Amino acid sequence: MNCKRAINQITGYLDGNLDEELKKVLEGHLDKCHDCHAVFDTTKKTIELYCDGKIFPLPDDVRTRLHEALRHKLQQAK
Amino acid sequence: MSDSLQPALVKSEPVLVTEAKAGSYAAFEELVNRYEKKIYRLGMNITGNPEDAEDVLQETFLKAFEHLPDFREDSRFYTWLVRIAVNEGLMKLRKRRSSKEVPIEDSQDEEGEVMPREFADWKPNPEQLLARAELETILSNAVKSLPPIFRTVFYLRDVEGLSTEETAEMLNLSVGAVKARLFRARLRLREELAKIFKRE
């Protein structure tokens, strides 16, 4: 397996979508190739950072306006 | 043991939905409290714009309130909310695209090979080296640098944990198109973060 093919399989590997044979070939390449291993490792880390990051927090004023809009809708529905 | 030491009763989502359908606004409000942060985050990820994200948030919950009697409960309530929010977010993007502000897809990003440029290892635990606010700014800016459809696919698959098939159905894309966009989104985010986190 060359580096180009390995890079193309990395996200499938992260998702657990590769068949056993391809998985073994890719793992063999990652063991030997520092660059592809670094790409694999840091792609995994990228996903983890976004899952833990909680970016774009809900501002208090936006939350207040949401609840006001919902109560207004409730009053209209009555 | 006194009652005050009992843990507060946390109602399950299906119980709250049943009560809300029966007319309990308190139950509906509890569902809003539970999911408002995630829906706002989804709106920001799709639109990349705080005003549009607020519209997505309000429209999602107003529509959910209005159409709650039609919710058949064959999926989770939260999945139903995400579906509404994705539709609202994509409508916002289409409106902006028609006013030539932002393309939903950047054709230059859809073609050509994606090969990494950065191969350096990262510093260990980079998130611990930065203040939380600084890390959030770095992650936000990186995600905003992606075309909207890339960051939407990335968010639904990797952060929300939807399957490839669910993401494809929600975005009206083929499974192959979702996989291709996810691949590009992950590698491009990695490239952006590598500029900051790589070992010198």
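Values in this document were obtained by computation on a predicted structure and should not be read as measured data. (Residues numbered from 1 in each chain as written. Chains lettered and ligands numbered in written order. Predicted model: local features only at pLDDT ≥ 70, side-chain atom pairs only at ≥ 80, totals over all residues.)

Participant: What am I meant to see in the overall build of chain A here?
Facilitator: Counting its secondary structure elements, chain A contains 4 helices and 0 strands. Moving toward the C terminus, one meets the helices and strands of chain A in the order α-α-α-α. Computed over its C-alpha atoms, the radius of gyration of chain A comes to 23 Å, more than 25% above the 12 Å expected for a compact globule of 78 residues. Dimensions of chain A, computed from the C-alpha atoms along their principal axes, are close to 65 × 25 × 15 Å. Residue burial in chain A is summarised as follows: out of 78 residues, 24% are buried. (Helix = DSSP H or I, 4+ residues; strand = E, 2+ residues; numbered from the N terminus. Rg over C-alpha atoms; globule rule 2.2 N^0.38 Å. Buried ≥ 20, exposed ≤ 12 C-beta atoms within 10 Å, placed from the backbone.)

Participant: Looking at this model, I keep getting lost on the domain arrangement of chain B. Mind explaining?
Facilitator: Often the size quoted for an interface is simply the accessible area lost on bringing the parts together. All names here are of chain B. For chain B, the domain assignment lists domain 1 (11-98) and domain 2 (107-197). Once you take the C-alpha centre of each, domain 1 and domain 2 turn out to be 24 Å apart. Taken residue by residue, the interface counts 8 residues in domain 1 and 9 residues in domain 2. Put simply, the parts of the chain that give the side of domain 1 that touches domain 2 at least two residues each are α2 (25-47) and α4 (77-98). (Domains from an automatic or database assignment. Contact = placed C-beta atoms within 7 Å.)

Participant: Any chance you could explain the interface of chain A and chain B here in plain terms?
Facilitator: Contact with chain A, which involves 25 residues of that partner, is made by 34 residues of chain B. Those elements giving two or more residues to the side of chain A that touches chain B turn out to be α1 (3-14), α3 (34-53) and α4 (60-77) of chain A. It is α3 of chain A that provides the largest number of residues to the side of chain A that touches chain B, a total of 12 residues. For the side of chain A that touches chain B, a count of residues per class yields 15 nonpolar, 5 polar and 5 charged. (Nonpolar A, V, L, I, M, F, W, Y, C, P; charged D, E, K, R; others polar.)

Participant: Looking at this model, I keep getting lost on unusual backbone geometry. Mind explaining?
Facilitator: Backbone geometry follows two general trends: most residues other than glycine have a negative phi, and most peptide bonds adopt the trans configuration. Residue and element names in this part refer to chain B. Even without glycine at this site, Glu73 takes up a positive phi of about 65°. Mapped onto the fold, Glu73 is located in the loop between α3 (50-67) and α4. In this structure, Asn172 takes a positive phi of about 60° despite not being glycine. According to the C-beta neighbour criterion, Asn172 is exposed, with 9 such atoms within 10 Å.

Participant: Got a minute to help me understand the confidence of the model for chain A in this structure?
Facilitator: Caution is warranted with low-pLDDT regions, since their predicted coordinates should not be read in detail. Averaged over all residues, the pLDDT of chain A is 93; the fraction at 70 or higher stands at 100%. When mean pLDDT is compared element by element in chain A, helix α2 (residues 20-32) of chain A scores highest at 96, while α1 of chain A scores lowest at 92. (pLDDT = per-residue confidence, 0-100.)

Participant: Would you explain the nonpolar core in this entry?
Facilitator: Soluble globular proteins tend to pack their nonpolar side chains together in the buried interior. The biggest cluster of nonpolar side chains holds 55 residues, and the ones touching the most others in it are Leu139 and Val153 of chain B. When residues of this core are assigned to domains, at least three map to each of domain 1 (11-98) and domain 2 (107-197) of chain B. Once residues lying within four places of it in the same chain are set aside, the contact partners of Leu139 of chain B are Leu49, Tyr50, Gly53 and Ile55 of chain A. Counting residues in hydrophobic clusters, the runner-up holds 9 residues, among them Leu26, Cys36, Ala38 and Val39 of chain A. (Core = buried A, V, L, I, M, F, W, Y, C linked by C-beta atoms within 7 Å.)

Participant: What am I meant to see in the packing of helix α7 (residues 148-159) of chain B against helix α9 (residues 175-197) of chain B here?
Facilitator: Think of two packed helices as two axes; the pair is described by the angle between the axes and how far apart they sit. All names here are of chain B. Where α7 meets α9, the closest approach of the two axes is 8 Å, and the angle between their N-to-C directions is 95°. Taken as axis vectors, α7 and α9 run roughly perpendicular relative to one another. Here α7 contributes Ile149, Phe150, Arg151, Val153, Phe154 and Arg157 to the contact with α9, which in turn contributes Val178, Arg181, Leu182, Arg184, Ala185, Arg186 and Leu189. A breakdown of the residues in the contact of α7 with α9 according to their chemical character gives 8 nonpolar, no polar and 5 charged. (Axes fitted to C-alpha atoms, helices over the stretch in contact; angles between N-to-C directions. Parallel < 35°, antiparallel > 145°, perpendicular 65-115°, else oblique.)

Participant: What am I meant to see in the packing of helix α1 (residues 13-21) of chain B against α2 of chain B here?
Facilitator: All names here are of chain B. Remark: α1 packs on α2, axes separated minimally by 7 Å, with the N-to-C direction vectors making an angle of 140°. With respect to each other, α1 and α2 are oriented oblique. By crossing handedness, the relation of α1 to α2 is classed as left-handed. Residues Leu16, Glu19 and Ala20 of α1 form the contact with α2, whose participating residues are Ala27, Phe28, Glu30 and Leu31. Considering only residue class, the contact of α1 with α2 consists of 5 nonpolar, no polar and 2 charged. (Left-handed = near helix turned anticlockwise from the far one by under 90°.)

Participant: In this structure, what is going on with the confidence of the model for chain B? I would like to understand it.
Facilitator: Mean pLDDT over chain B works out to 88, with 88% of the residues at or above the 70 mark. Within chain B, the element-level pLDDT minimum falls on helix α5 (residues 107-110) of chain B, averaging 48, and the maximum on α3 of chain B, averaging 97.

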